[in-house]
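# Structural overview for review
Listed here are the chains, written in short residue letters.
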Amino acid sequence: MSEQAAAWIAALSWWMWVLAAIVLVALIVCAACKIWAIFHQSILLDRARAHASRGVHVKDEDVSRIHLHVRPWGVTVHMPRGWMTEAEAIQFADDIARAWTRSVREVKPTRCMWGGLMAVWSIRL
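Here we summarise the structure given alongside this text. (Residues numbered from 1 in each chain as written. Predicted model: local features only at pLDDT ≥ 70, side-chain atom pairs only at ≥ 80, totals over all residues. Heavy atoms only, no water.)

Now for the overall build of the protein. Within the protein, the regular secondary structure consists of three helices and four strands. Moving toward the C terminus, one meets the helices and strands of the protein in the order α-α-β-β-α-β-β. Over its C-alpha atoms, taken along the principal directions, the protein stretches across nearly 70 × 30 × 25 Å. Across the 125 residues in the protein, those meeting the buried criterion constitute 33%. For the protein, long-range pairs separated by at least 24 residues make up 57% of all intrachain contacts whose partners lie at least 6 apart in sequence. If you sum the accessible surface of the protein, you get close to 8,400 Å²; carbon and sulfur atoms cover 63% of it. Averaging the positions of the 14 positive and the 10 negative side-chain charges in the protein gives two centres separated by 5 Å. (Helix = DSSP H or I, 4+ residues; strand = E, 2+ residues; numbered from the N terminus. Buried < 20%, exposed > 50% of the residue type's maximum accessible area, 1.4 Å probe, protein only. Contact = heavy atoms within 4.5 Å. Areas by Shrake-Rupley, 256 points an atom, 1.4 Å probe, with all protein chains shown as cover. Lys, Arg positive; Asp, Glu negative; His and termini not counted. Charge placed at Lys NZ, Arg CZ, Asp CG, Glu CD.)

Under the criterion given, the structure shown has three salt bridges. Two residues, Arg98 and Asp95, come together in a salt bridge whose shortest N-O distance is 3.9 Å. Placement of both Arg98 and Asp95 in helix α3 (residues 86-99) is noted, with a separation of three residues, approximately one turn of the helix. Across the pair Glu106 and Arg124 runs a salt bridge, and its minimum N-O distance is 3.2 Å. Note that Glu106 is positioned in strand β3 (residues 106-112) and Arg124 in strand β4 (residues 118-124), a separation of 18 residues in sequence. What makes Glu106 partly exposed here is its relative accessible area of 27%. Because the salt bridges share partners, they merge into one network encompassing Arg47, Asp95 and Arg98. (Salt bridge = Lys/Arg side-chain N within 4 Å of Asp/Glu carboxyl O.)

With respect to the helices and strands, His78 occurs in strand β2 (residues 74-80). At a separation of 3.4 Å, a polar atom in the side chain of His78 contacts the side chain of Ser122. With near-sequence residues (within four places) excluded, His78 lies in contact with Arg65, Ile66, His67, His69, Thr110, Cys112, Val120, Trp121 and Ser122. (Polar contact = N/O pair within 3.5 Å; in protein donor to acceptor, adjacent residues only side chain to side chain.)

Right, let's get into the pairing of β2. Burial analysis of β2 places seven of its seven residues in the buried class, which makes it a mostly covered element. Every second residue of β2 is oriented toward a common face, with Gly74, Thr76, His78 and Pro80 on one face and Val75, Val77 and Met79 on the other, all of them buried. Bridging between strand β1 (residues 67-71) and β2 involves five bridges; their strand directions are antiparallel. In the strand pairing of β2, His69 is matched with Thr76. In sequence, β1 turns back onto β2 through a hairpin of two residues. In this sheet, β4 lies alongside β2 in antiparallel orientation, the contact comprising five bridges. The partner of Met79 across the bridge, within β4, is Trp121. (Pairing = 2+ DSSP bridges.)

So this is what it looks like as structure tokens:
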């Protein structure tokens, strides 16, 4: 490291180091949530097929229509509302909650901004 860079780093005040640490922790938490979502996404399509209403065929291409919103305080699963009834959505929520060792906090119909305001079942775990 050059002397100029060392002098610049030494000149940073304590609050800049605190801010840098906070930003680093936030980036690590976001990365951990994204990695968790990637590893747990695979279970959703098979479980959705098992719980879907009769006459509704969930294809492999439909996996993009099921998505997760993972945050440190909880997970929200969004699934197209036309795939299952409310009772089936509740059973689906119980099934994935058991698989992920979580508890179901809420199942409600809503619209998702990320899905182009698509009508979805919002399952909060």
